[in-house]
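Coordinate inspection notes
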Amino acid sequence: MDHIIIIGNGISGVTLARHIRKLSDKKITIISAETDYFFSRTALMYVYMGHMKFEHTQPYENWFWEKNRIELLNAYVDAIDTDNKCLKLANGDDLNYNKLVIATGSKPNKFGWPGQDLKGVMGMYHKQDLEHLEVHAPNKDVCNRAVIVGGGLIGIELAEMLNSRNIPVTFLVRESSFWNGVLPEGESEMINRHIKSHHIDLRLSTNLKEIKSDENGHVKSVIIEETGEEIPCNVVGLTAGVSPNIEFVKSSSIETGKGVKVNRYLETNIPDVYAIGDCAEQHEAIGNRRPIEAVWYTGRMMGETLAQTICGNRIPYNPGHWFNSAKFFDIEYQTYGWVFGSKGKPDYEAHFHWKHDDDTKCITVAFHQDTNEFLGINTFGIRLRHETFDRWLTEKRDVDYVMNHLSEANFDPEFYKRFEKDILRAYNNQLQTVSS
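One structure accompanies this document, and this report is about it. (Residues numbered from 1 in each chain as written. Predicted model: local features only at pLDDT ≥ 70, side-chain atom pairs only at ≥ 80, totals over all residues. Heavy atoms only, no water.)

This brings us to the packing of helix H1 (residues 11–23) against helix H7 (residues 296–310). Interhelical geometry of H1 versus H7 gives an angle of 30 degrees and a closest axis separation of 7 Å. Handedness of the crossing formed by H1 with H7: right-handed. Residues Ile11, Ser12, Thr15, Leu16, His19, Ile20 and Leu23 of H1 form the contact with H7, whose participating residues are Trp296, Gly299, Arg300, Gly303, Glu304, Leu306, Ala307, Gln308 and Ile310. Taken together, the residues that form the contact of H1 with H7 break down as 8 nonpolar, 6 polar and 2 charged. (Axes fitted to C-alpha atoms, helices over the stretch in contact; angles between N-to-C directions. Helix = DSSP H or I, 4+ residues; strand = E, 2+ residues; numbered from the N terminus. Left-handed = near helix turned anticlockwise from the far one by under 90°. Contact = heavy atoms within 4.5 Å. Nonpolar A, V, L, I, M, F, W, Y, C, P; charged D, E, K, R; others polar.)

In structure tokens, the structure reads:
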């Protein structure tokens with residue numbers, strides 16, 4: 001019987017295992033050194049904030065795995081011998097496979113800052129990070145101030161977590177405006193104001209120079225690159241992005257770049273070895289997508305797709321139209337299709353931008369300035385239906401159609417004040433003058 005070994009028990013690996021089991025009786029082993037059981041990584045912040053207990057982040061009861069004949073092994077893989085289809089484990093054991101799937105996810109980026117390995121320095125990605133945060137920042141008496149380095153989605157989550165315990169936060173963001181590599185200018189500036197409204201000390205265009213130690217090897221302060229200013233703190237959160245967690249793969253004959261290189265079928269250069277999720281890197285990016293996508297739902301889709309291939313129905317990975325969602329403190333964010341920030345925006349892409357007077361709701365609609373084809377939408381503070389935008393993008397609707405049918409996409413009109421009339425009025429008034 002085929003033995004499928006999956007290294008990594010995140011959303012990609014677990015989805016793959018579940019779908020292989022639905023389709024076959026193959027032997028399945030999931031290896032992870034992080035936790036015994038799968039948990040929802042995106043929910044870690046709510047454990048710290050007191051909204052749930054850690055066990056609530058586990059979507060499946062502990063008996064689920066045995067009942068479904070999915071073997072769980074808490075171990076660390078040191079090396080892969082592809083010639084002999086064998087894994088070398090850190091405890092000295094060898095484990096043979098028929099098919100191997102690498103689903104080891106990401107690790108927080110470190111850029112060689114002096115002091116980056118001191119006690120009190122952490123990412124916010126693994127369960128161990130949550131445990132370290134509880135030790136070093138249980139309250140504002142133990143942690144007088146935290147400094148967060150890096151202005152992505154994990155950084156804003158960590159700021160919200162610390163803020164929930166009234167711990168003062170200084171937020172160092174290299175860019176001139178928050179997440180402006182992704183968000184158009186108006187949205188990025190609105191998020192700057194929203195972060196500051198929560199009494200976060202947001203420092204834009206600011207880089208970390210070094211992290212200083214006290215006599216016990218614990219964080220004492222950080223030094224700012226541009227000014228030399230010293231900021232006393234007890235915790236430093238490193239949230240300057242993530243990169244594929246594949247160090248153990250590099251000694252094998254499996255081809256790697258930043259991630260494990262895969263084709264459209266999620267196959268590596270070695271027969272019977274595959275990679276999915278955050279650690280997989282497409283040889284050729286799919287459309288406007290990045291070759292590596294550290295996104296929850298694409299990891300899940302890769303797991304579903306590869307299960308078909310492993311069970312005899314070889315199909316390519318096709319993620320469809322881009323979408324994502326996040327939360328910036330109190331403001332929900334959704335994006336469908338492509339809306340480029342000021343960096344990397346194509347010449348043909350025009351934007352219509354509307355913002356509510358309360359400075360917590362806005363939309364940006366992207367369209368092709370020559371053909372008027374609708375390209376994508378960002379919404380803040382207004383929830384819209386995924387399936388509606390997915391259909392409009394497939395149908396290649398024009399921007400006028402989308403703007404005049406926005407009410408069809410409103411997710412929960414009975415709970416949310418309706419903004420369509422105001423948006424449409426602004427669109428009709430402003431579109432003639434909007435050229436970028």
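Strands in a sheet are paired, the pairing made by backbone hydrogen bonds, and the direction either parallel or antiparallel. Taken in spatial order, the 5 strands make up an open sheet running E9-E16-E10-E11-E12, and their pairing is parallel. Only two strands of the sheet have a single partner each, and these edge strands are strand E9 (121–122) and strand E12 (201–203). When strand E11 (residues 169–172) meets E12, the two strands line up parallel, connected through 3 bridges. Each residue of the ladder has a partner; that of phenylalanine 171, found in E12, is leucine 202. (Pairing = 2+ DSSP bridges.)

This part covers the packing of aromatic side chains. Inspection of every chain in the model, using the stated rule, returns 23 aromatic pairs. When the centroid spacing of 6.2 Å and the interplanar angle of 35 degrees are considered together, the rings of phenylalanine 38 and tyrosine 60 count as tilted. A residue pair is termed long-range when its members are at least 10 positions apart, and phenylalanine 38 in the loop between strand E2 (27–32) and helix H2 (44–48) and tyrosine 60 in the loop between H2 and helix H3 (63–67) qualify at 22 residues. The class of phenylalanine 38 is buried, set by a relative accessible area of 7%. Taken together, the ring pairs in this structure connect Phe171, Phe178, Trp179, Phe328, Tyr333 and Phe380 into an aromatic cluster. Across from the ring centre of phenylalanine 54, 4.7 Å away, lies the NZ or CZ of lysine 127, which sits over that ring. (Phe/Tyr/Trp six-rings, centres within 6.5 Å; stacked < 30°, edge-to-face > 60°. Buried < 20%, exposed > 50% of the residue type's maximum accessible area, 1.4 Å probe, protein only. Lys NZ or Arg CZ within 6 Å of the ring centre and 35° of its normal.)

In spatial order, the strands read E21-E22-E25-E24-E23; together these 5 strands make up an open sheet with antiparallel pairing. The outermost strands of the open sheet, each flanked by one partner alone, are strand E21 (323–328) and strand E23 (349–355). Going across the sheet, the axis of each strand differs from the next one's by a mean of 10 degrees, ignoring polarity. As paired elements, E21 and strand E22 (residues 331–337) share 6 bridges and run antiparallel to each other. Bridge pairing links serine 325 to glutamine 334 in E22. Packed onto the sheet, helix H8 (residues 386–394) meets E21, E22 and strand E25 (374–380) and runs at close to 160 degrees relative to E25.

Keep in mind these values describe shape, not function.
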